[in-house]
Amino acid sequence: MAKHCLMQFLPPCPHCHHYGVPAECHYPLGRDRELVQLVTSGPEAGDSHQGVPEPLHSRDPSCPWEQAGDRTRAIVIWGSHGLGTASPDTSWWLHALTCHGGSVPTGVAMSCRMFLWLLLALSVCAHPGTGVSSAVSPAVLPRHMDSVLDILDALESPARGGSPGTAAALGRGLGVCSTPGCRAVLGEPPGTPERPPALTPGQWQLLTELLHHDPTTPELGAVLVPDGSTVALCPLLAGIEVGLRSGGFGRPLPTLDPPADPFLAVTITEALGTSFLLAQGCDNNATVLGPGGCWDNMENPQNYTLRGPPSPVPDPVAIGAMDGVILGVRLAQGPLPVAELLRGYYGTGNGSEARRPPSSYRRRKFGALAGQERLEKEVAATLELLRTLSPTSELLRDVGTQEVVAVARRAAREFSERYVECPAIMPRCLWGAHPYRGTPAPLQPPLGSVFLHHTLEPSRPCQTFSACARAMRDMQRFHQDTRGWDDIGYSFVVGSDGYLYEGRGWHWVGAHTKGYNTQGFGVGIVGDFTATLPDPDTLALVRDELLPCAVRFGHIRPDFSLRGHRQLGHTDCPGDALFQEIQSWPGFQGTPVEQGLG
């Protein structure tokens, strides 16, 4: 099998997603599956977050889809004797990208290598489409929620015969909810629809591409939203349809036997359960959740590129699923136009409003609706439902109840840790960072200290993605151009929009606390906190989410020390009010740490 044909056969590149990029770090990413390499321009082979991976000119001639410039599918089914070929009409749910020149091994060992492709087809938008062209022209609409809102406005217009259910019905015909579990809840999809007169050709093309794409690349069905997140539309719209029908709009939902929560079944638990089930027995390095990615242009987003090997549940799918549950539950209380609902939840533009949008609270809201214990129960319930359906009954034929429970427990724990309990981090590519100047020095985690700062300038907290991203660019420009540093000094910066912003990150020595930079991470909160405190949500994000998660994932030691910048240098930072506040936090140390070399 050609080495470039299947991304997951390639080992992850050390530091690929930080500053250094090895020359051999090649991944077949991109909307047209070209081989790409994470590269940057400029004198340093610096930060792979600074731009979208660029295509390599050389392709692997031994891979037929490379020769043809297209994708080639091998369709497989899971049986008691491993993997075998099958016809598309009976096994559309299991697709695997491979090369004609390679073989498809059989046996259980194959599941550890192939489960990622198999489960990509079990994601919520697993429709056996032909893929879409990656050509972009000036007439192509941005892959932004604003474009989707315009489409929904047109579809739901009463003057044109529309209603809140119009978009959901159209989405089903284009590919939303094509997996066995989702079909058990929402029913069989209608035939492929024609373009509604209310939509322009450009709008129809965008909607078709977002909902009827290659199931092995669920990230292609995602759009940028105003809070800076990227949301897959398929789980979002599936949850919305459940909400509409639960609220009495459209056909009643069926009674599931065995019972399972319909909101969670159509958005996340089917994908989670099958993903972690097929990961059983694989090594611990198997990618089951994530990663996130980068847009080519935040003002006119067209191409979204994952920042590492994909999984069945990349970040956009997880975020779309959480939003689908939150908004579906809202619609169950009473129908309203979907465009109105989404506009109120996400806002418009790139977060230009003066306040934090409701979507930035999704982790808290989803956790309240589906905490880890409930999510575990519903993953197990969905797997038991899949046991009764074709063709997933074959997948679960030899899986006992205790194994289902174990799979559900692991899936719920890891999903909750990543998407509910720990804060989202906006990568450098999303806030528009310039490349690192020079050669970064690596840290040696786990570190023993965290040093808290306020930025002072900007003096006002930022409450939207656009404001926080602008603050990050301004600080980086000041640190690089005025102070002559290699990069923004902080390890992370905390906005009042609910997100962390990546500075030097977890892996590279910062320039935040002179004499101590190698010993700890520098965390700056945007604002001047001499006389006032950050809002309670921002304080909780650092105290209750960032610090415990940094311990959990091995970035800082369990016995870490928290100090304010003023304890280690001649400065008033982090401001009188904030310094008084952190003295009550876990880990605070009132005595200075012994000075180091960096």
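Residues numbered from 1 in each chain as written. Predicted model: local features only at pLDDT ≥ 70, side-chain atom pairs only at ≥ 80, totals over all residues. Heavy atoms only, no water.

Draft legend 1. Broad picture of the state of the cysteines. Here the structure, examined in full by the defined rule, presents four disulfides. There is a disulfide in this structure between C422 and C549, and the S-S distance comes to 1.9 Å. Here the disulfide of C422 and C549 is left-handed, its torsion about the S-S bond being about -95 degrees. Of this pair, C422 sits in the loop between α15 (401-421) and β11 (425-426) while C549 sits in helix α18 (residues 536-552), and the two are 127 residues apart along the sequence. Neither C422 nor C549 differs from the other in exposure class; each is buried. (Disulfide = S-S within 2.5 Å. Helix = DSSP H or I, 4+ residues; strand = E, 2+ residues; numbered from the N terminus. Buried < 20%, exposed > 50% of the residue type's maximum accessible area, 1.4 Å probe, protein only.)

Draft legend 2. Up close: the pairing of strand β12 (residues 447-454). Burial analysis of β12 places eight of its eight residues in the buried class, which makes it a mostly covered element. One ladder, built from five bridges, connects β12 with strand β16 (residues 556-564); its direction is parallel. Its bridge partner lying in β16, L447 is registered against I556. Across six bridges, the pairing between β12 and strand β15 (residues 520-525) is parallel. In the strand pairing of β15, H454 is matched with I525. (Pairing = 2+ DSSP bridges.)

Draft legend 3. Quick peek at the pattern of salt bridges. Scanning the model with the defined rule gives 23 salt bridges in all. In this structure, R245 and E241 form a salt bridge, with 3.2 Å as the shortest nitrogen-oxygen distance. In this pair, R245 and E241 both sit in helix α8 (residues 233-246), four residues apart, roughly one turn of the helix. When salt bridges that share partners are traced, they join R172, E241 and R245 into one network. (Salt bridge = Lys/Arg side-chain N within 4 Å of Asp/Glu carboxyl O.)

Draft legend 4. Local environment of the layout of surface pockets. Computed from the structure, the second largest pocket encloses a volume of approximately 580 Å³. Residue lining of the second largest pocket: 25 residues in total, with H454, T455, H479, R483 and Y490 positioned closest to the centre. Mapped by element, the contributors of at least two residues to the lining of the second largest pocket are β12 and α17 (465-482). Ranked by residue count, the leading element in the lining of the second largest pocket is α17, at four residues. Tallied by class, residues from the lining of the second largest pocket come to eight nonpolar, eleven polar and six charged. (1 Å grid on protein atoms, 1.4 Å probe; cavity = no way out; pocket = protein on both sides within 12 Å on 5 of 7 lines; lining within 4 Å. Points joined across faces, edges and corners; volume = space filled by probe spheres on them. Nonpolar A, V, L, I, M, F, W, Y, C, P; charged D, E, K, R; others polar.)

Draft legend 5. Seen up close, the confidence of the model for the protein. Averaged over the protein, the pLDDT score is 79; the fraction of residues at 70 or greater is 74%. Low pLDDT, under 50, characterises residues 1-124; the predicted model gives this stretch 303 contacts beyond four residues in sequence or across chains. Low pLDDT, under 50, characterises residues 126-138; the stretch is placed with 30 contacts to residues that sit more than four places away or in other chains. (pLDDT = per-residue confidence, 0-100. Contact = heavy atoms within 4.5 Å.)

Draft legend 6. Representation of the packing of helix α10 (residues 315-332) against α15 within the structure. At a minimum axis distance of 12 Å, the contact between α10 and α15 shows a crossing angle of 80 degrees. With respect to α15, the element α10 is oriented roughly perpendicular. Across the interface between the two elements, D315, A318 and M322 from α10 touch F415, R418 and Y419 from α15. (Axes fitted to C-alpha atoms, helices over the stretch in contact; angles between N-to-C directions. Parallel < 35°, antiparallel > 145°, perpendicular 65-115°, else oblique.)

Draft legend 7. A look at the nonpolar core. In terms of nonpolar packing, the biggest core is built from 88 residues, with M145, L236, I240, L272, L342, F366 and F415 touching the most fellow members. Per-element accounting of this core gives the leading share, eleven residues, to helix α9 (residues 262-279). Not counting residues within four places of it along the chain, the set of residues in contact with L236 comprises M145, V231, G320, D323, G324, L327, L342 and Y346. Among the nonpolar cores identified, the runner-up in size contains 27 residues, and W506, F521, L547 and L562 belong to it. (Core = buried A, V, L, I, M, F, W, Y, C linked by side-chain atoms within 4.5 Å.)

Draft legend 8. Quick look at the environment of P427. Note on placement: P427 falls in the loop between β11 and α16 (428-431). It is 5.2 Å that separates the C-alpha atoms of P427 and E502, two residues lying 75 residues apart in sequence. Setting aside residues up to four positions removed in sequence, P427 forms contacts with G293, R307 and E502.

Draft legend 9. Highlighting the packing of α8 against α9. Direction vectors running N to C along α8 and α9 enclose 170 degrees, while the axes themselves pass 8 Å from each other. Our classification of the angle between α8 and α9 gives roughly antiparallel. Contact with α8, carried on its side by P235, A238, G239, V242, G243 and S246, involves P262, F263, V266 and T267 of α9 and no other residues of that element. Class assignment for the residues of the contact of α8 with α9 results in six nonpolar, four polar and no charged.

Draft legend 10. Representation of unusual backbone geometry within the structure. Between D257 and P258 the backbone carries a cis peptide bond, its omega angle lying at 0 degrees. Across the junction of E457 and P458, the peptide omega takes the value 0 degrees, indicating a cis bond. One non-glycine residue with positive phi stands out, namely L456, at about 65 degrees. Among the structural elements, L456 can be located in the loop between β12 and α17.

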